[in-house]
Amino acid sequence: MKAIGFNRPLPVSDENCLLDIELPAPELRERDLLVEVRAVSVNPADVKVRAAHTPAAGQYRVLGWDAAGVVKAVGSGVQHFQVGDEVYYAGVINRPGSYAELQAVDERIVARKPRTLDFAEAAALPLTALTAWETLFDRLDVNKPVAGGSRALLLVGGAGGVGSITVQLLKTLTDIQTIATASRPESEAWLRRLGADYVINHRHSLPEQVATLGIGAPSWAFSTNDSAHYLPQLAELLAPQGRIALIDDPDVLDANPLKGKSLSLHWEFMFTRPLRETADIARQGEILAKVAQLVDEGRLHSTATQTIDGINAANLRRAHQLVERGDMIGKVVLAGW
């Protein structure tokens, strides 16, 4: 089968950082689906692994943790899918990814693709939707009020893939006001279209800007990037006993500013459930099914903002370059072979 992989960490400017290769079709485990991949999207996780991981000698690493496609075969223990089903999923970081014509994935972390989206539109959603949903409802537990805090959440870095879904989920499923950050007019416009109640500039003081809104101290904060820099400001502006979540990977994170207000810190890693095969691993498939339902009801929208025709090494290098710039609005998607 066709695939795109790498055998050494190289900068995206090097044409050998991703290569067109041929690999045997994957073997199925008992609960696996064999999916014919129709579309993929690129996330910061792809970029980080490509730039830092060294595969074993003579081996290629296949990236990709967002896909939509068609089930071609099922393992002996599969219970909920059959050949021909159109599905979408994020997969897991310790198995070969979706930059391949065929991918094996555990059925418990898969859901049927939203009927109202094409494969490219659907491929933009899984990783970011899972990350946003788990952050809001499993980590921050936004349905549990913070005593004395306003029903508001500050979202640092709102216009990227995770932020774009977070804003929509808050608007669709809660009565929480969203304060999203952006630094460019086009990012601000995007966030307002998605339903952000307020947009402030993360290049300026967050506590000062939140204070001018006149809505009180927010109960929750969600930082998608540069969390080490923003954490002291979040600690200053949040209500006592508030909750903070982050998803990035600071080299060092000083949590001391949280103590004075008894603030709690929650780290979301979307791959925890499938990587550790937790007792509730199937929750990921359930979340994706709920997301698909919300999409088909017109209550959530795909965050695909750029589609590249053709899944191959050259086009994936282009997509990695876009993500590495750090100013993506929404998601970049590749479709078709």
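Everything below is about the structure shown above.
Right, let's walk through the structure included here. Bear in mind that the values here come from a model prediction, so they are computed numbers and not experimental data.

What follows deals with the overall build of the protein. Secondary structure summary: the protein contains 10 helices and 15 strands in total. Its C-alpha atoms give the protein a radius of gyration of 20 Å, within 12% of the compact-globule value 20 Å for 337 residues. Each of the three principal axes of the protein carries a C-alpha extent, and together these read 60 × 45 × 35 Å. Taking all 337 residues of the protein together, 56% fall into the buried category. Contacts spanning at least 24 positions in sequence make up 70% of the contacts within the protein whose residues lie at least 6 apart. Of the roughly 14,200 Å² of accessible surface on the protein, a fraction of 48% belongs to carbon and sulfur atoms. Computed over 34 positive and 40 negative side-chain charges, the separation of the two mean positions in the protein equals 2 Å.

On the secondary structure map, Ser 302 appears in the loop between α9 (283-296) and β14 (304-309). A polar atom in the side chain of Ser 302 sits 2.8 Å from the backbone oxygen of Glu 121. Here Ala 304 takes part through its backbone nitrogen, which lies 3.2 Å from a polar atom of the side chain of Ser 302. Each residue touching Ser 302, except ones within four places of it in the same chain, is listed here: Leu 117, Glu 121, Ala 124 and Leu 125.

A few words on the packing of aromatic side chains. Following the criterion strictly, the structure yields 3 aromatic pairs and no others. For the ring pair Trp 65 and Phe 271, a centre distance of 6.0 Å and an interplane angle of 70° mean the geometry is edge-to-face. Pair noted here: Trp 65 is in the loop between α1 (44-52) and β4 (67-74) and Phe 271 is in the loop between β13 (264-267) and α8 (272-276), with a separation of 206 residues, a long-range link. Taken together, Trp 65, Phe 269 and Phe 271 form an aromatic cluster joined through their ring pairs. The cationic tip of Lys 113 hangs over the ring face of Phe 119; the distance from NZ or CZ to the ring centre is 5.2 Å.

This next bit is on the packing of helix α4 (residues 161-173) against helix α5 (residues 185-194). In helix packing, the relevant descriptors are the interaxial angle and the interaxial distance, both defined with respect to the helix axes. At a closest axis distance of 9 Å, the pairing of α4 and α5 adopts a crossing angle of 30°. Between α4 and α5, the crossing angle belongs to the class labelled roughly parallel. Every pair of crossing elements has a handedness; the one defined by α4 and α5 is right-handed. For the pair α4 and α5, contact is made by Ser 164, Val 167 and Gln 168 and by Trp 190, Leu 191 and Leu 194, respectively. Partitioned by chemical class, the residues of the contact of α4 with α5 number 4 nonpolar, 2 polar and no charged.

The rules behind each value
Residues numbered from 1 in each chain as written. Predicted model: local features only at pLDDT ≥ 70, side-chain atom pairs only at ≥ 80, totals over all residues. Heavy atoms only, no water. Helix = DSSP H or I, 4+ residues; strand = E, 2+ residues; numbered from the N terminus. Rg over C-alpha atoms; globule rule 2.2 N^0.38 Å. Buried < 20%, exposed > 50% of the residue type's maximum accessible area, 1.4 Å probe, protein only. Contact = heavy atoms within 4.5 Å. Areas by Shrake-Rupley, 256 points an atom, 1.4 Å probe, with all protein chains shown as cover. Lys, Arg positive; Asp, Glu negative; His and termini not counted. Charge placed at Lys NZ, Arg CZ, Asp CG, Glu CD. Polar contact = N/O pair within 3.5 Å; in protein donor to acceptor, adjacent residues only side chain to side chain. Phe/Tyr/Trp six-rings, centres within 6.5 Å; stacked < 30°, edge-to-face > 60°. Lys NZ or Arg CZ within 6 Å of the ring centre and 35° of its normal. Axes fitted to C-alpha atoms, helices over the stretch in contact; angles between N-to-C directions. Parallel < 35°, antiparallel > 145°, perpendicular 65-115°, else oblique. Left-handed = near helix turned anticlockwise from the far one by under 90°. Nonpolar A, V, L, I, M, F, W, Y, C, P; charged D, E, K, R; others polar.

Read these as geometric descriptors, not functional statements.
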